[in-house]
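A look at the structure
Listed below are the residues making up each chain.
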Amino acid sequence: MADYDSRPRGGRPGGGYNSRKRRYRDEDDFPSRPQRRRYSDPPGAKLRKQLLGIAESPLKRVEDEIVAIARTAHEFCSSDPEIREEFVALVAQLVLEQPFKIPFVAAVVLVLNTIEGGNVIVAEVVSRVAGLVQTGVKEGRWRDVKCGLKFLGGLQGVLGGEGVWVVLEDVLGKAVDLQTERGEETIGPELVKIILFTIPYIMASSSTDSQQKAASMIENTDIIAGEPHVLQSLVDPYPGDGKSEAASTDGVLGLLQKQLQAEAAMGWPLYPNALENAPKHDLPPITIPDTVNPGPRALFPELYFSVYANQELETVPPTSSIASCLLRDALVDTINVLDYNRNAASRFLIDLDCYFAPGTFVKRATPFDRLRDIEEGKSTWKPEDVAVDAVFSQLFQLPTPEHKLVYYHSVLTEACKIAPAAIAPSLGRAIRYLYRNIDSMDLDLSYRFMDWFSHHLSNFGFTWKWTEWIDDVSLSNLEPKKAFIQGALDKEIRLSFAQRIKGTLPAPYQELITEEKEKDTPDFKYNDESLPFSHEGKEIMALIRKKGSEDDIQPIIEQIHSQAIDMRLPDPIALSTDAYMTSICYIGSKSLSHVLSCIERCKDRLLSLGTAHPAGRRQIIDSVMGYWKDQPGIGVNIVDKLLNYTILSPESVIDWALSRNGSRLAEAYVFEMVAATVGKVTGRVRQVVLAATARGLSEEQKMILKQTMETERTAMRELFQVMEDALVGWASGAKDQQVESGDMSSEDAMVRRWGERWLRVFRRRFAVEEAWYLEAVKERPEGEGMDVDGDANPAQGAEGNGTAGEGDLGEGIE
Amino acid sequence: MPGTVRNTVERLDRPSAYYHSRNRKRKYDRDNEDGREKSEEPAGDPLKDATTLYVGNLSFYTTEEQIHELFSKCGEIKRLIMGLDRFNKTPCGFCFVEYYTHQDALDCMKYIGGTKLDERIIRTDLDPGFQEGRQYGRGKSGGQVRDEYREEYDEGRGGLGRAIQAERLKEEEEYGRGR
């Protein structure tokens, strides 16, 4: 990682490129040039490099490193105020950006405090970090608050008076107040979590008389942490039938409370208690405001998710051990903070064992089977399992993780690239566990699993031991396992091409990739002379292709109508619409831009077709999805674009997907289509709400925006209601279409089960939107508003992760 | 340095050295009088709100649909422009992806740049925005410049560099086959 540090400050342009050459050129100025080019960093850069690299190298004893850094810091900082400022700022920033290093950085500061004159620097560090905590509280950056308090907790022994305990007591007081006001409050538990995660750091510091305080604090947090949160069931990853191995998932807060109670009962066995007679520093007061800012991200109870639970050998800490929560917390923070450099994030994951006591884990890349040979009493925790588990906990976080899902994909990809021998087998076991439990998994999560799985394979030559799932290939398409296989293969094909994927599969899977799927351009059905309206279909297609005018096309459309009436066919308009839309698909089959330019040309007719006839839109979707039935991903894409053109409406997509055919619920692409459509609607509502609640609007603007907001919100609620009705129909077995084919009883039950899974996902979506809305329209003190994007963008991403600029961490570091 | 706190590790959502060097060349006369690089003032930075990415090192056979599939993982795509050979109008291994938001483009730099598409490591770079004409290769023979003189055989990008292929062909014609 030394690489990151050898660069000049990033604010200047060209950082890391030409400037590097230039730096070497500077050496020409040295009077007598040595034989080999030597270069030593200026003091500030040297100190920075040392501190940044703390605990990273397994070759150095970290105890020696800590002392050395403290000495260097003392030497350079005493004489140069600029270097001192940089050092203090870097300490604070490391605390926020690389949480693994908090104990080590705290140790440097403790050593510095014992060196004569070092205490001045320490005082600055304490007040700087306290300032960060204060800013974090004000802005609702609760992770910053937690990291800052962990660090200050590590310094408890050199803090005057009660030190960090005072802050924790205030925080607890606030949490209790909130809890009494409103039971469903999510900030209260978040505050308690911060307290509980700080305590172990205090206990590990060189403080005395903390045991009593810890015990009473833990006793007091119990009223909040001891009860599961009311929203917990909403975010349960395995709502299933309770039959699976992954039956119950505990809340992190409750677990941590229990773990700390156990530690306290044992008298904190693992924590040293050595106080040195060193200068004390007063912690600047940190105040908790009356109205607590929940921060930019909606808070939900956090559950402890693990893909390595219940193995025959224990490769990750059990939830009975406090190590489970402490490791997970530091890992998750590291992963989420470092989203701006996935390589660094995955490096941390691989080097996890550097940051914990020797003996915490087995050697890296120890094969699972070899764990049996580990002697009794020694740890069998695999560092790579612990790391991978933490990434999965984010990938499978409900309702949504902090960053886009693809970030967590990329972390796993990089980790696998850095240490394939260690990570790949861990991923294999994770995949098997998830697959085994897919029947009881939340539908949103099984879709995420599929999306990650196919994307991951695409980065590693599409190799997977498909043979182990061969028995499931012959299952009904309504079985979640089979649906997963089919969906994953389709996604693989979309990232690659059918023939390539076919080549990676064992024989029984070959039939899942039909000859039609291998065709680049699906046939134009009207080329089949035996099909009704074949002649007209071909004519319409030819006219659209040569850009004929609407006046030329209209007579042929009418021919279809009159013939249909003669033949006593129902719904002649649907028939002509089918011919028209199928022609567009065929002409545009070469690529997405082809179909888009064709739609653009035919926009007016398509718009009027959609509105003129109640079933017009449904027919348009039918034609698109019918034409692309073997490559439904392309169809979904086209439907998405048609929504943007308002040729389709969200209701029409929902109607197509949910109201007619129960087996559609098992298709991954249908879920994708509906999720994207709902995402568009909710994204739009959020934009409008943000615009309407922005500051500095005139009364008139406010009125207009409020009106728009109400209209959009009503439309959204209606859409959710339509979904609710349709899905309740499937889930309860009330839909009459449900009795369609042969083996009704079991298929019926499966469709019902799919209905329930869907219902859960979209009820949660609705609840999340409502919660977001209530938070967004709350009155806030000046300067604490939600982030508002100036230019409202109607089509903003479906995921809508409002991650506020991660670049501006830590006020006052310049 | 107001507003630009340096992170403890490098950020992946910065424009590449390529962009900077091109930009510097263009601005050289005006800005670099004192021989030092001026800091890129946020106000004048053409990438400040960039929503477009240049995507490079694609295979010639990679389709719009494949690109769409991968890049939409970072947000809805507003526009996708395939890079084409100036003469044959066939894909020549690059494209522009335009998102609706700047954040999506930055996320794409962080999460997708440097990962694989169609089994090749692809490169992404922030771009000030697509302009007509930029979809064509600027190499002598119509493709990208890098595909003119490439000495390594790259199956996904037409084998050897075109200039080298042409040279070999000429040699064969002049000296006969089997040389």
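Counting starts from 1 at the beginning of each chain's written sequence and moves along it residue by residue. The lettering of chains begins at A and the numbering of ligands begins at 1, in the order of writing. Totals for whole chains, interfaces and linings use all residues, but because this is a predicted model, local features are given only for residues with pLDDT of at least 70 and pairs of side-chain atoms are given and counted only at 80 or more. To get the side-chain values, all heavy atoms of the structure are used, and hydrogens and water are removed first.

- Going by an unreviewed UniProt entry, chain B carries the name Nuclear cap-binding protein subunit 2 and comes from Oidiodendron maius.
- UniProt positions are given in the numbering used here, feature names are shortened, and annotations may be inferred rather than shown by experiment. Under the UniProt heading Subcellular location (unreviewed entry), the entry covering chain B gives this text: "Nucleus".
- Quoted straight from UniProt, the Sequence similarities (unreviewed entry) entry for chain B says "Belongs to the RRM NCBP2 family."

- Going by an unreviewed UniProt entry, chain A carries the name MIF4G domain-containing protein and comes from Oidiodendron maius.

**Topic: the overall build of chain A**
- A count of helices and strands for chain A gives 33 helices and 0 strands.
- Accessible area is worked out with a 1.4 Å probe on protein chains only. A residue is then buried under 20% of its type maximum, exposed over 50%, and partly exposed in between. When burial is assessed residue by residue, chain A has 55% of its 814 residues classed as buried.
- Put simply, 74% of the contacts in chain A that link residues at least 6 apart link residues at least 24 apart.
- Element-wise, carbon and sulfur atoms account for 52% of the exposed surface of chain A, whose accessible area totals about 34,800 Å². We count a stretch as a helix when DSSP gives it H or I for four or more residues in a row; a strand needs E for two or more, and each element gets its number in order from the N terminus. By definition, residues are in contact when any of their heavy atoms lie within 4.5 Å. All accessibility values rest on the Shrake-Rupley procedure with a 1.4 Å probe; residue burial counts only the protein chains present in the view.

**Some thoughts on the state of the cysteines**
Residue and element names in this part refer to chain B.
- Cysteine sulfur atoms that come within 2.5 Å of each other are treated as a disulfide pair. Applying the stated criterion across every chain, the model contains 0 disulfides over all chains.
- Take C74: it sits in no disulfide, and the sulfur closest to it among the cysteines is that of C108, at 4.7 Å.
- C74 gets classed as buried once you look at its relative accessible area, which sits at 1%.

**Topic: helix α2 (residues 64-71) of chain B**
- Where burial is concerned, most of α2(B) is hidden: 8 out of the 8 residues are buried.
- Of all the positions in α2(B), only E64(B), E65(B), Q66(B), I67(B), H68(B), E69(B), L70(B) and F71(B) are classed as buried.

**Observations concerning the domain arrangement of chain A**
All names here are of chain A.
- What the domain assignment reports for chain A is domain 1 (43-234), domain 2 (322-367 + 376-515), domain 3 (519-648) and domain 4 (650-736 + 745-778).
- Where each domain begins and ends is defined by an automated method or by a domain database. Spacing between the C-alpha centres of domain 2 and domain 4 amounts to 29 Å.
- Contact with domain 2, which involves 21 residues of that partner, is made by 17 residues of domain 4.
- Summed over both partners, the interface of domain 2 with domain 4 comes to about 1,600 Å²; 61% of that surface belongs to carbon and sulfur atoms.
- For the domain 2 face of the interface with domain 4, the top three residues by lost area are L443, Y447 and L478, together amounting to 44%.
- Between Lys or Arg on one side and Asp or Glu on the other, a salt bridge is scored when a side-chain nitrogen of the former is within 4 Å of a carboxyl oxygen of the latter. The interface formed by domain 2 and domain 4 includes 4 salt bridges.
- Put simply, D444 and R764 hold a salt bridge, and the shortest N to O gap is 3.6 Å. When two components associate, each loses some accessible surface as probed by a 1.4 Å sphere; the sum of these losses over both components is called the buried area.

**A word on the packing of helix α23 (residues 534-545) of chain A against helix α25 (residues 572-587) of chain A**
Residue and element names in this part refer to chain A.
- Where α23 contacts α25, the axes come no closer than 9 Å and their chain directions differ by 50°. Considering their axes alone, α23 and α25 lie oblique with respect to each other. Both α23 and α25 take part in a crossing whose hand is right-handed. Seen from α23, the contacting residues are G537, I540, M541, I544 and R545; seen from α25, they are A579, Y580, S583, I584, Y586 and I587.
- Three classes are used: nonpolar for Ala, Val, Leu, Ile, Met, Phe, Trp, Tyr, Cys and Pro, charged for Asp, Glu, Lys and Arg, and polar for all others, with Gly counted as polar. Partitioning the contact of α23 with α25 into residue classes produces 8 nonpolar, 2 polar and 1 charged. Interaxial angle, 0 to 180 degrees, is taken between N-to-C directions of lines fitted to C-alpha atoms, where a helix line uses only the stretch in contact. Here the angle decides the label: under 35 degrees means roughly parallel, over 145 means roughly antiparallel, 65 to 115 means roughly perpendicular, and every other value means oblique. By definition, any crossing whose near helix is turned counterclockwise from its far helix by less than a right angle is left-handed, and any crossing with a clockwise turn is right-handed.

**Notes on the side chain of D118(B)**
- Residue position: D118(B) is located in the loop between β4 (116-117) and β5 (120-121).
- Despite its burial, D118(B) pairs with no opposite charge, the nearest such side chain being R500(A) at 6.8 Å.
- Think of a polar contact as two N or O atoms within 3.5 Å of one another; within protein, one of them needs to be a possible hydrogen donor and the other a possible acceptor, and neighboring residues in sequence only count if both atoms come from side chains. One polar contact links D118(B) to T62(B), side chain to side chain, over a distance of 2.8 Å.
- Here D118(B) is in contact with L495(A), S496(A), F497(A), Y61(B), T62(B) and Q66(B), once residues within four sequence places are set aside. Charge assignment in this entry is limited to Lys and Arg as positive and Asp and Glu as negative, and neither His nor the chain termini are counted.

**Re helix α12 (residues 252-265) of chain A**
Residue and element names in this part refer to chain A.
- The first and last C-alpha atoms of α12 sit 20 Å apart over 14 residues, in line with the 20 Å expected at 1.5 Å per residue.
- For α12, the set of buried residues is V252, L253, L255, L256, Q257, Q259, L260 and E263.
- Buried residues belonging to α12 abut α10 (187-204), α11 (210-225) and α13 (322-337).
- G267 sits one or two residues past α12 and shows a positive phi near 75°. Expected helix span is taken as 1.5 Å per residue step, with the number of steps being one fewer than the number of residues.

**A short note on the UniProt feature "domain: MIF4G-like type" (unreviewed entry) in chain A**
- Sites flagged by UniProt as "domain: MIF4G-like type" (unreviewed entry) map to residues 317-506 and 524-770 of chain A.
- The annotated region residues 317-506 of chain A carries 56% helix and 0% strand content, and the separation between its end C-alpha atoms amounts to 37 Å.

**Considerations on the nonpolar core**
- Core analysis: the largest hydrophobic core is formed by 273 residues, its most contacted members being F151(A), I199(A), F392(A), F453(A), W758(A) and F71(B).
- Examining the composition of this core, we find that 14 residues originate from one element, helix α31 (residues 668-693) of chain A, more than from any other.
- What F151(A) contacts, discounting residues up to four positions off in sequence, is V91(A), V95(A), I102(A), V105(A), A106(A), V109(A), V125(A) and V129(A). In this description, a nonpolar core means a group of buried Ala, Val, Leu, Ile, Met, Phe, Trp, Tyr and Cys residues linked to one another through side-chain atoms lying within 4.5 Å.

**Quick look at the packing of aromatic side chains**
Residues and elements named next belong to chain A.
- Note on ring pairs: Phe, Tyr and Trp rings are taken, using the six-membered ring of Trp, and paired if centres are within 6.5 Å. Classes follow the plane angle, with under 30 degrees stacked, over 60 edge-to-face and the rest tilted. Tallying each qualifying case throughout the model produces 38 aromatic pairs over all chains.
- Look at Y435 and F484: their rings are 5.8 Å apart centre to centre, the planes differ by 65°, and that puts the pair in the edge-to-face class. Residue Y435 is located in helix α17 (residues 420-436), and its partner F484 is located in helix α19 (residues 480-495); the two are separated by 49 residues in the primary sequence. The burial state of Y435 is the same as that of F484; both residues are buried.
- The criterion is that NZ of a Lys, or CZ of an Arg, lies within 6 Å of the ring centre and within 35 degrees of the ring normal, and then a charge sits over that ring. Cation over ring: R664 sits above W656, and NZ or CZ is 3.8 Å from the ring centre.

**A short note on the UniProt feature "domain: RRM" (unreviewed entry) in chain B**
- Look at the UniProt record and you will see "domain: RRM" (unreviewed entry) annotated at residues 51-129 of chain B.
- Taken end to end, residues 51-129 of chain B has its terminal C-alpha atoms 7 Å apart, with 23% of it in helix and 39% in strand.

**Things to note about the sheet that holds strand β3 (residues 91-99) of chain B**
All names here are of chain B.
- By definition, two strands form a pair when at least two bridges between them are found by DSSP. With antiparallel pairing, the 4 strands of this open sheet are ordered in space as β2-β3-β1-β6. Two strands lie at the open edges of the sheet, namely β2 (77-84) and β6 (123-127), each paired on one side alone. Here the strands of the sheet are splayed against their neighbours by 25° on average, with no regard to which way each runs.
- In this fold helix α3 (residues 102-111) packs onto β1 (52-56), β3 and β6, with an angle of close to 150° to the strand it touches most, β6.

**Some thoughts on unusual backbone geometry**
All names here are of chain A.
- The omega angle of the peptide bond from L398 to P399 is -5°, so this bond is cis rather than trans.
- One can find P399 in the loop between α15 (383-395) and α16 (405-418).
- The residue N310 is not glycine, and still its phi comes out positive at about 55°.
- In this fold, N310 is placed in the loop between α12 and α13.
- Backbone geometry places F533, a non-glycine residue, at a positive phi of 65°.
- Turning to its location among the elements, F533 is positioned in the loop between α22 (515-518) and α23.
- Relative accessible area serves as the criterion here: at 8%, F533 is assigned to the buried category.

**What to know about the pairing of β1(B)**
Residues and elements named next belong to chain B.
- Across the 5 residues that make up β1, a large majority, 5, are buried.
- Residues T52, Y54 and G56 line one face of β1 and the alternating positions L53 and V55 line the opposite face, and both faces are buried.
- Sheet topology places β1 next to β3; 4 bridges connect them, and they run antiparallel. Residue pairing for β3: T52 is matched across the bridge by E98.
- The pairing of β1 with β6 spans 5 bridges and is classified as antiparallel. Residue G56 lies in a different strand from β6, and its bridge partner there is R123.

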